Amino acid sequence: MSSKRVFSKLAARTHMPFYNDGMIVFCMNEVPAKLRTRAGLTEQESDYRPWQIFRADWTTKSIFSVRCSMPQDAVLCNPMFFKESNLLHVSFIAGIPHAAGFQYRLYAMHGATWDTLCDSAPVSPQFARTGFVSPRHFCLGSDHELDLLDRVDHRRYRLTTSLDNIARVTFDPQEPSRLLITGAVEVHFKTLIFDTVTGSIHEIVGPAPVYKACLVGNRVIYSYRESEEIEDFQLHIAPLELQPTTDSVSLLPM
């Protein structure tokens, strides 16, 4: 099994893909930034990538910026979208830098088109390191669990896994009850597909660790680390292959 870059000639780094209806949204950054944090009298400086959100036509690969009305030094990630009642709904996670690090929340915006989206607004004041809004769920996630509000039966659920952590969660736009959960076992990342209705669970197999992935028909797009530079990710695409997994996912009413 082999893979190739989605954007073969792009110099900027690319990350966090989501595909739906002939359009891919993703995060992109070319130049890292400095984060200065303070704990008591101690001040530290570290590098990070202020990821911004872009979209591209899947056929032409023409890239356009998505206006999110967020600070330029914020980390924008986990973008996804769907259409409902003739409106385009977009959600993403934003990390706003401050003296103690980043403050992560789930944000959403909507509009008739990509060019007429309203300003982004937080979905909840609750911390959310990952999460989304989909036709089926509101999802807010921490490093170890996900809180789901089912938009169909209006019940709340808590999802946990046997993974050491949860790095990202997204949904399958063709079957919104299916979640793609990326996490690690020790230092090895993987992506699981979990159906919240049937309880079925599989692992996506790829030519490299399937990190923060999405589905495009019978293929998978994932974030491939090309070097040890700061968050040096590029989107790669490979054939989709599923296999049984020994990892577990638990979904319990709250």
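Here, every reference points to the structure presented above.
For the structure given in this document, a descriptive report is provided here. Quick caveat, the model's predicted, so the values are computed rather than measured. (Residues numbered from 1 in each chain as written. Predicted model: local features only at pLDDT ≥ 70, side-chain atom pairs only at ≥ 80, totals over all residues. Heavy atoms only, no water.)

## Here we look at the pairing of strand β17 (residues 175-185)
Selection criterion: Three exposure classes are used, based on accessible area relative to the maximum for each residue type with a 1.4 Å probe and protein chains only: buried under 20%, partly exposed in between, and exposed over 50%. A helix here means a DSSP run of H or I that spans at least four residues, while a strand means a run of E at least two residues long, and both kinds are numbered starting from the N terminus. Strands pair, by our definition, only if DSSP identifies at least two bridges between them.
Counting buried residues along β17, nine of its eleven residues qualify, which places the element largely inside the surrounding structure. Relative to β17, strand β16 (residues 165-172) runs antiparallel, the two sharing seven bridges. For Val 169, the partnering residue across the bridge sits in β17 and is Ile 181. From the end of β16 to the start of β17, which pair antiparallel, there are two residues. Two strands pair when backbone bridges link them, and β17 and strand β18 (residues 188-195) are joined in this way by eight bridges, in the antiparallel orientation. Counted as the bridge partner of Gly 183 is Lys 190 from β18. Between the antiparallel neighbours β17 and β18 lie two residues, among them Glu 186 with a positive phi of about 60°.

## Observations regarding the pattern of salt bridges
Worth spelling out the cut-off: For this document, the term salt bridge refers to a Lys or Arg side-chain nitrogen within 4 Å of an Asp or Glu carboxyl oxygen.
Following the criterion strictly, the structure yields 15 salt bridges and no others. Ionic pairing is found between Glu 45 and Arg 36, a salt bridge with its closest N-O pair at 2.8 Å. The class of Glu 45 is partly exposed, set by a relative accessible area of 45%. Residues joined in a network through salt bridges with shared partners are Arg 13, Glu 229 and Asp 232.

## With respect to the environment of Tyr 211
Let me state the cut-off plainly: Two residues qualify as a contact provided that any one of their heavy atoms is within 4.5 Å of a heavy atom in the partner residue. Definition of a polar contact: a pair of N or O atoms within 3.5 Å, with one able to donate and the other able to accept a hydrogen when the atoms are protein atoms, and with sequence-neighbouring residues admitted only if both atoms are side-chain atoms.
Structurally, Tyr 211 is set in the loop between β19 (201-205) and β20 (214-216). The exposure class assigned to Tyr 211 is buried, which follows from its relative accessible area of 14%. Distance from Tyr 211 to Glu 84, taken between C-alpha atoms, is 29 Å for residues 127 residues apart in sequence. The contacts of Tyr 211, once residues within four sequence positions are left out, are His 15, Ala 167, Thr 182, Phe 189, Thr 191, Tyr 222, Ser 223 and Phe 233. Polar side-chain contacts of Tyr 211 include one of 3.2 Å to the side chain of Lys 212.

## A closer look at the sheet that holds strand β11 (residues 121-122)
Ordered in space as β8-β9-β10-β11, the four strands form an open sheet in which the pairing is antiparallel. The open sheet is flanked by β8 (75-84) and β11, the only strands paired with a single partner. Sheet topology note: the strand β10 (residues 101-111)/β11 ladder contains two bridges and is antiparallel. Bridging across to β11, Tyr 107 finds its partner in Pro 122.

## Side note on the nonpolar core
The condition is simple: For our purposes a nonpolar core is just a set of buried Ala, Val, Leu, Ile, Met, Phe, Trp, Tyr and Cys residues, chained together by side-chain atoms within 4.5 Å.
Phe 92 and Trp 114 are the most contacted members of the largest nonpolar core, which totals 51 residues. Counting 15 residues, the second largest nonpolar core, distinct from the first, contains Tyr 19, Met 28, Trp 58 and Val 216.

## Considerations on the pairing of strand β14 (residues 145-150)
In the sheet, strand β13 (residues 137-141) pairs with β14 via five bridges, with the strands oriented antiparallel. The residue bridging His 137 from the neighbouring strand is Asp 150, located in β14. Remark: three residues form the turn of the hairpin made by β13 and β14, two consecutive strands paired antiparallel. Judged from the five bridges that link them, β14 and strand β15 (residues 156-161) form a sheet pairing that is antiparallel. Each residue of the ladder has a partner; that of Leu 148, found in β15, is Tyr 157. Between β14 and β15, which follow one another and run antiparallel, lie five residues, and His 154 among them has a positive phi close to 60°.

## A short note on unusual backbone geometry
Unlike most non-glycine residues, Asn 78 shows phi in positive territory, near 55°. Here Asn 78 is to be found in strand β8. The exposure class assigned to Asn 78 is buried, which follows from its relative accessible area of 1%. Here the phi dihedral of Glu 231 falls at roughly 45°; this positive angle occurs in a residue that is not glycine. Along the polypeptide, Glu 231 turns up in the loop between β21 (219-225) and β22 (233-239). Glu 231 gets classed as partly exposed once you look at its relative accessible area, which sits at 24%.

These values are about where atoms sit, not about what they do.
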